[in-house]
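# Breakdown of the fold
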Amino acid sequence: MSAAGRGGRRWARVSRCTTFSASHRLYSKHLDDDENLKLFGKCSNPNGHGHNYKVVVTVHGEIDPVTGMVMNLTDLKKYMEEAIMKPLDHKNLDLDVPYFADVVSTTENVAVCIWENLQKVIPVGVLYKVKVYETDNNIVVYKGE
């Protein structure tokens, strides 16, 4: 639908990236050690392993006719600091982050954790998606579904 069809309003999506480092172990409490090793392989190492995660947060909304912005990027940076960097950066996800006490710390669940953290601090209805790069080849997109 054209902007004219929406009463002249213009909508956009805006994204911001950040990176954080964290360690974890892929391990399900519902499986024994052999089953975990078979399912998760070397990622189930009892001593864990780490990643430099890249996160792209996308918000969406109407472009404010006065400011020209969907959201002030300074505000988005603050929300990301609160929801991503403070709770996750340089942490052992399994030991230091309460969310993962009973949840396997897969990248899918890291994306959900970040989404839920952002929902607590960002204006309602603005968050569009969270994209988490565990590696250059392993990427998860979560839209709150």
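Per chain, residue numbering runs from 1 following the sequence as it is written. pLDDT decides what is reported in this predicted model: residues at 70 or higher carry local features, side-chain atom pairs at 80 or more are listed and counted, and totals for whole chains, interfaces and linings draw on all residues regardless. Here the side-chain values reflect all heavy atoms present in the structure, with hydrogen atoms and water set aside.

Under the annotation held in an unreviewed UniProt entry, the protein carries the name 6-pyruvoyl tetrahydrobiopterin synthase and is attributed to Otolemur garnettii. UniProt positions are given in the numbering used here, feature names are shortened, and annotations may be inferred rather than shown by experiment. Among the UniProt annotations of the protein, the heading Catalytic activity (unreviewed entry) holds the following wording: "7,8-dihydroneopterin 3'-triphosphate = 6-pyruvoyl-5,6,7,8-tetrahydropterin + triphosphate + H(+)".

### Re the packing of aromatic side chains
Only centres within 6.5 Å qualify two rings of Phe, Tyr or Trp (six-membered ring in Trp) as a pair; their planes then separate them into stacked at under 30 degrees, edge-to-face at over 60, and tilted for everything else. Taken as a whole and assessed by the stated rule, the structure comprises three aromatic pairs. Between Phe-20 and Tyr-53, the ring centres sit 4.8 Å apart and the planes meet at 15°, which makes this aromatic pair stacked. Linking Phe-20 in strand β1 (residues 11-24) with Tyr-53 in strand β2 (residues 49-62), this pair joins segments that are 33 residues apart in sequence. Think of it in three bands: with a 1.4 Å probe and only protein chains considered, a residue is buried below 20% of the maximum accessible area for its type, exposed above 50%, and partly exposed in between. Given the relative accessible area of 1%, Phe-20 is considered buried. Given a relative accessible area of 0%, Tyr-53 falls into the buried group. Between Trp-115 and Tyr-142, the aromatic rings sit 5.6 Å apart at their centres with planes inclined by 90°, giving edge-to-face as the arrangement. Residue Trp-115 is found in helix α4 (residues 107-121), and its partner Tyr-142 is found in strand β5 (residues 139-142); the two are separated by 27 residues along the sequence. The same class applies to Trp-115 and to Tyr-142, which are both buried. Each ring is checked for a lysine NZ or an arginine CZ that lies within 6 Å of its centre and within 35 degrees of its normal; such an atom marks a charge sitting over the ring. Directly above the aromatic system of Tyr-133 lies the positively charged group of Lys-54, at a separation of 5.0 Å from the ring centroid. Secondary structure elements are taken from DSSP: a helix is a run of H or I of four residues or more, a strand is a run of E of two residues or more, and numbering for both begins at the N terminus.

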